Amino acid sequence: MSEQNLPAEHEHGDADVPSTSGFATKRGMWSGGSGDTSGYGLIQRTLEMPGQSSPPFGDPFDALWDRAREVVPSLQRSRVLFDRGELTIFVDRSELAEVVAEFRDDAHLRFEVCMSVSGVHYPQDTGAELHVIYELMSFTHNRRVRLEVTCPDSDPHIPSVVATYPMADWHEREVWDMFGVIFDGHPALTRILMPDDWAGHPQRKDYPLGGVDVEYKGAWVPSPENRRTYS
């Protein structure tokens, strides 16, 4: 594609085109260690981690990023990603409590609500295998920002944000339940989806593909390892 024919979103530098780093090639939709029950066993994909974006990002993200670094100076050394019109700021877990408090209370930021907390497991991201993502919303300024925090498998602790955003209570319980991230300071970090005596955390990449047969509308649905394979 010639430079004059680039899409409009590429006309403002590299902010919308963050560099990436491939860490693995994957075949099929699921793990390579078992039969691919999805029927997409021939799909081959390169798994990549996002890189670093550099401003300008355009309004209102430049002003947001500048103000964030002003009220929390430690963010000066943080990685930032701007992709598809969304801004993600990577925050050290030791600074998370300070960052969310400033993002909520500062008049120029005013992110009053944490819309969701979600987890991701990247086994290949050595020393930062567990990622937790916070989607913040500002009703005052009608904009969003994403905070991303990491921790290692060997020390899966991240401070709870429930003291700042009470509605994050059950979101953090779900991330603990599915990924095993321990949110220090959470008022009652118990399972929310799985039974209390369940072993393991089912959405981790290293969790075995298996389960129990389920009855649904009078029919029995076999567990994943007992379904038909298409390979």
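The rules we used
Residues numbered from 1 in each chain as written. Predicted model: local features only at pLDDT ≥ 70, side-chain atom pairs only at ≥ 80, totals over all residues. Heavy atoms only, no water. Helix = DSSP H or I, 4+ residues; strand = E, 2+ residues; numbered from the N terminus. Buried < 20%, exposed > 50% of the residue type's maximum accessible area, 1.4 Å probe, protein only. Contact = heavy atoms within 4.5 Å. Areas by Shrake-Rupley, 256 points an atom, 1.4 Å probe, with all protein chains shown as cover. Core = buried A, V, L, I, M, F, W, Y, C linked by side-chain atoms within 4.5 Å.

(A) Seen up close, the overall build of the protein. Secondary structure summary: the protein contains three helices and 11 strands in total. When its helices and strands are written in sequence order, the protein yields β-β-α-β-β-α-β-β-β-β-α-β-β-β. Per-residue burial over the protein gives 35% buried out of 231 residues. Within the protein, contacts between residues separated by at least 24 positions form 51% of all contacts whose residues are at least 6 apart in sequence. As displayed, the protein offers around 13400 Å² of accessible surface, 51% of which is attributable to carbon and sulfur atoms.

(B) Structural context of the nonpolar core. Residues Ile89, Phe103 and Tyr134 are the most contacted members of the largest nonpolar core, which totals 38 residues. Every element with two or more residues in this core is listed here: helix H1 (61-71), strand S3 (80-83), strand S4 (86-90), helix H2 (96-105), strand S5 (113-121), strand S6 (130-138), strand S7 (143-151) and helix H3 (169-179). Broken down by element, this core gets its largest block of residues, five residues, from H1. Those residues in contact with Phe103 that lie beyond four places of it in its chain are Ala68, Leu75, Ile89, Leu109, Arg110, Phe111, Leu136, Val145, Leu147 and Tyr165.

(C) Structural detail: the environment of Ala163. Tracing the backbone through its elements, the reader meets Ala163 in the loop between strand S8 (157-159) and H3. Separated by 24 residues in the primary sequence, Ala163 and Pro187 have C-alpha atoms spaced 9.2 Å apart.

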